[in-house]
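Chains, contacts and geometry: an overview
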Amino acid sequence: LKDYWRTVVMPGVVAEKPGQSERRISTTVNGIVHKVFVMPGQTVRPGDALLEVHSTGELLANTQASLLKTLQDLELIGQELKRIEPLATQGAIPGARVLEKQYERQRLEAQRLVQTQELLVRGLAPDQVQRICDSKELLRQFTIRAPQEAAGGEERLYSVERIGVFPGKLVQPGDELCDLALHTHLFLVGLGFQKEAELINRVLEAERSVTAIFDARDTDPVVLDGLKIQFADNVIDPDTRLFHFYLPLANEVARDVTGPDGVMFRSWRFKPGQRAQLRLPVEQWRDRIVLPTDAVVKEGAEAYAFRLNGRRVERVTVGIEYEDGLNTVLVDDGSLFAGDTVAFNQAYQLNLALRQQHAAGGDPHAGHDHAH
C-alpha cells in the first residue's frame, strides 16, 4: 500500500549544454600544422597535447626578438650597475652616472612589460612567454593543449569529436583546429504543448521529481528517478506550438576502452540526440495498491495477479484503476492486501501454463482460480 503519483508523459531528448559542452579549439598564430597528437573519439584530459603548430608569422617573431634584445640590454645594465655602484660610493665616479643607468633600467623594464603583453595579445600563453624569457630563444613550435578551466575539483574528460586539419596545412589566427566535447553534464530537454505550460510550471514550482525512461533494444529500459526541472522557455514556437523545459542530467560512464599506445576511448551512457519519455507527476493518490506492470496479466476485459498462498500459487482476479506502462494501480476490492506476495516477472508464464493445463484437461483443479 503506497501513495501514487498519476503522471503525464511528454517526449524528451538529451542535448548538450549551450556554451559549456562544446569546445572549439582554434589557433592564435599564423603557422603550419606539424603534428596531430589525437584522433576522433579519443578521450583527453585538461592539458593534454592536441596539435603542434610551427609559427610562420613575422610580427610574432619580431616581437619575440625585441623582447630578447630588451632582456639582453637589462642584463648588461645590471652588470654595469654592479660595477659602478661601488665606485660611486667611493667617489671615484659621479653619482649622476649611476642615476642615469638606473633610469635606463626602469625604461627597459617598462619596455619588457609592454613586449610581454604584446606577446600575450598575439596568442601566446603566460608559460610560453616565461619559456622565452628563461631560455633566451625564439619560440617557433606551439603546442595546442586541451583547456584547463577550473571544474570545482571535478575531473574533466573531453572527447575529440572532429579534427579539421592535417600535418602541412597552413592555418591563420581564428582557424578551428579541432572540436572537443564535454559530456559529463547534459540537459534533458522536454517538449511540451502550449496547453501543458501551466502543468509544467506547477511541477517546476513545487520541485516535484520527474522520471525519465530511455528505451533499450535488447535490455530493460533505463529508468532515472528524481530529476528536477531547472527552467522552462518563455517563448512558444509559433509554428509547432511547442516550448522546451530543461532538466540537468548527470552523465554516466558506460565503458572505457584502452587502445594502442594507451589511448583511451570513453563511451557515455547518455548521448546528445537520445530520446526519452518524461513522466511528470500531476496528481497524488493516497493509499493505493501498486504493482509493477509485469505482475499483472490481462486477458480481454479480465486482469489477473498470481499470489503465493502457502506452497500454492493462486490466480487472483484484480481490477485496474490506472496504469502508466511501469506500474499498475489496482482497485482496492479485497482481492489483494498489503503484505501479500505476488509473482513479478513470471506472471505471464504462470498464466500461459495454466491455460495450457486447462486446454489439455490435465489440471485436477481446472475451473478454479489457482494453479500449481
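Residues numbered from 1 in each chain as written. Predicted model: local features only at pLDDT ≥ 70, side-chain atom pairs only at ≥ 80, totals over all residues. Heavy atoms only, no water.

Glancing now at the packing of aromatic side chains. Overall, the coordinates contain seven aromatic pairs when judged by the stated rule. On the numbers, 6.0 Å between centres and 40° between planes, the contact of Y4 with W285 is tilted. Remark: W285 occurs in strand β17 (residues 275-292) and Y4 occurs in strand β1 (residues 2-15); sequence separation between them is 281 residues. Given the relative accessible area of 5%, Y4 is considered buried. (Phe/Tyr/Trp six-rings, centres within 6.5 Å; stacked < 30°, edge-to-face > 60°. Helix = DSSP H or I, 4+ residues; strand = E, 2+ residues; numbered from the N terminus. Buried < 20%, exposed > 50% of the residue type's maximum accessible area, 1.4 Å probe, protein only.)

Counting 29 residues, the largest nonpolar core has V44, L50, L51, L119, L124, I132 and L180 as its most contacted members. If you list the elements that add at least two residues to this core, you get β5 (49-55), α1 (58-90), α3 (126-135), β6 (141-145), β7 (158-163) and β9 (176-181). No other element matches α1, which puts four residues into this core. With residues up to four places along the chain from it excluded, the contact list for L50 reads I25, V36, F37, V38, V44, I144, R145, A146, C178 and L180. Counting residues in hydrophobic clusters, the runner-up holds 25 residues, among them L199, F243, F245 and L249. (Core = buried A, V, L, I, M, F, W, Y, C linked by side-chain atoms within 4.5 Å. Contact = heavy atoms within 4.5 Å.)

Another point: the side chain of E16. By the element assignment, E16 lies in the loop between β1 and β2 (22-26). No salt bridge is formed by the buried E16. Its closest oppositely charged neighbour is R24, at 6.7 Å. Engagement of the side chain of E16 in a polar contact is seen with the side chain of H183, the distance being 2.7 Å. In contact with E16, other than residues within four places in its own chain, are S21, E22, E161, A181, H183, L186, F187 and P272. (Lys, Arg positive; Asp, Glu negative; His and termini not counted. Salt bridge = Lys/Arg side-chain N within 4 Å of Asp/Glu carboxyl O. Polar contact = N/O pair within 3.5 Å; in protein donor to acceptor, adjacent residues only side chain to side chain.)

Spatially, the four strands line up as an open sheet ordered β6-β5-β3-β8, and their pairing is antiparallel. Each edge of the sheet is formed by a strand with only one pairing partner; in this case those strands are β6 and β8 (170-171). Note that β5 and β6 share five bridges and pair antiparallel. Within β6, the position partnered with A49 by the bridge is R145. (Pairing = 2+ DSSP bridges.)

Let's shift gears to the pattern of salt bridges. In this structure the tally under the stated criterion is 18 salt bridges. D3 serves as the salt-bridge partner of R286, at 2.7 Å between the closest nitrogen and oxygen. Of the two residues, R286 sits in strand β17 while D3 sits in strand β1, which places them 283 residues apart along the sequence. On the basis of relative accessibility, which here comes to 33%, the residue D3 falls in the partly exposed class. Across the pair D340 and R307 runs a salt bridge, and its minimum N-O distance is 3.4 Å. Taken together, the residues span a long stretch of sequence, with D340 in the loop between β22 (327-330) and α5 (347-360) and R307 in strand β19 (residues 302-309) at a distance of 33 residues. Residue classification places D340 among the partly exposed residues on the basis of a relative accessible area of 32%. Taken together, the shared-partner salt bridges connect E22, R24, R162, E176 and D179 into one network.

It is a general feature of regular strands that their side chains alternate between the two faces of the sheet. Burial along β2 is one-sided: R23 and I25 are buried, while E22, R24 and S26, pointing the other way, are not. Sheet topology note: the β2/β9 ladder contains five bridges and is antiparallel. Across the sheet, residue R24 finds its bridge partner in β9, namely D179.

The next thing to look at is the packing of helix α2 (residues 95-121) against α3. Contact pair α2 / α3: the axes reach a minimum separation of 9 Å and the direction vectors enclose 135°. Of the possible angle classes, the one that applies to α2 and α3 is oblique. Two packed elements cross with a definite hand, and for α2 against α3 that hand is right-handed. Between α2, through T116, L119 and L120, and α3, the contact on the second element is made entirely by P126, V129 and I132. Taken together, the residues of the contact of α2 with α3 sort by class into five nonpolar, one polar and no charged. (Axes fitted to C-alpha atoms, helices over the stretch in contact; angles between N-to-C directions. Parallel < 35°, antiparallel > 145°, perpendicular 65-115°, else oblique. Left-handed = near helix turned anticlockwise from the far one by under 90°. Nonpolar A, V, L, I, M, F, W, Y, C, P; charged D, E, K, R; others polar.)

Here we take up the confidence of the model for the protein chain. Summarising the model, the protein chain shows a mean pLDDT of 88, and 95% of its residues fall at 70 or more. Note on residues 364-372: pLDDT under 50 across the span, and 20 contacts to partners over four residues away in sequence or across chains. (pLDDT = per-residue confidence, 0-100.)

Another point: the sheet that holds strand β4 (residues 43-44). If you trace the four strands from one edge of the open sheet to the other, you get β2-β9-β7-β4, paired in antiparallel fashion. Looking at which strands have only one partner, the edges of the open sheet turn out to be β2 and β4. In this structure, β4 lies alongside β7, joined through two bridges in antiparallel fashion. Opposite V44, over in β7, you have Y158 as the bridge partner.

Below, the discussion takes up the side chain of S21. Looking at the element boundaries, S21 is found in the loop between β1 and β2. Classification of S21 by relative accessible area gives buried; the value is 1%. A polar contact is formed between the side chain of S21 and the backbone nitrogen of K17, at a distance of 2.8 Å. With residues near it in sequence (within four places) discarded, S21 still touches E16, L180, A181, L182, H185 and L186.

Next up on the list: the pairing of β19. Sheet topology places strand β18 (residues 297-299) next to β19; three bridges connect them, and they run antiparallel. Looking at the pairing, V297 lines up with Y304 of β19. The turn joining β18 and β19, which pair antiparallel and follow one another in sequence, is formed by two residues; a positive phi near 65° is taken by G300. Turn length for the β19-strand β20 (residues 312-317) hairpin, with the two strands adjacent in sequence and antiparallel, is two residues, and the turn residue G310 shows positive phi of about 70°.

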